[in-house]
Amino acid sequence: QVQLVESGGGLVQTGGSLRLSCAASGRTFSDFAMGWFRQAPGKEREFVAAISGSGITTAYADSLKGRFTCSRDNAKNTVYLQMNTLKPEDTAVYYCAANSDKYRVYGNPNEYVYWGQGTQVTVSS
């Protein structure tokens, strides 16, 4: 079992920045690839970013490249999502997830077994 706890969400103005954190416990953190997803009201959960167990490989949703950066600190069992130049359309609940294939990055939420409870990000216009 892997437990994931997100933090860092909140209310920010358009153009602002937030850094989300996801703390993991229960298993060896570097054995897991990690992903970030988001879900806005009335919409399906969508892929944001993913990172391999070592942190060497990352992947991003095309629409978010250049604004969002995913990183991890395996010594702290934590994965991060730095979000810059935020827009109202970035408003959503953001979730982190873990996949036991540490060498790959996946954009499909069905590939992830463990999920956090989510953290709300609201961008005001």
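Below is a short write-up of the structure. Each chain carries its own residue numbering, running from 1 in the written order of its sequence. Per-residue local features of the predicted model are confined to residues with pLDDT of at least 70, and side-chain atom pairs are confined, for both listing and counting, to 80 or more; whole-chain, interface and lining totals are unaffected and use all residues. To obtain the side-chain values, all non-hydrogen atoms of the structure were included, while hydrogens and water were left out.

Among buried residues, those of type Ala, Val, Leu, Ile, Met, Phe, Trp, Tyr and Cys that are joined through side-chain atoms within 4.5 Å constitute a nonpolar core. Burial classification: accessible surface area is computed with a 1.4 Å probe over protein chains only, and a residue below 20% of its type maximum counts as buried, one above 50% as exposed, and the rest as partly exposed. The biggest cluster of nonpolar side chains holds 37 residues, and the ones touching the most others in it are Leu4, Met34, Trp36, Leu81, Met83 and Tyr94. The set of elements that each furnish at least two residues to this core consists of β3 (18-25), β4 (33-39), β5 (46-51), β7 (68-73), β8 (78-83), β9 (92-99) and β11 (119-124). In DSSP terms, a helix is any run of H or I states spanning at least four residues, a strand is any run of E spanning at least two, and both are numbered starting from the N terminus.

Time to look at the pattern of salt bridges. Criterion for a salt bridge: a side-chain nitrogen of Lys or Arg within 4 Å of a carboxyl oxygen of Asp or Glu. All chains considered together, the criterion is met by five salt bridges. Between Arg67 and Asp90 there is a salt bridge whose closest N-O contact spans 2.8 Å. In this pair, Arg67 sits in the loop between β6 (58-60) and β7 while Asp90 sits in the loop between β8 and β9, placing the two residues 23 residues apart along the sequence. Each member of the pair, Arg67 as well as Asp90, is classed as buried.

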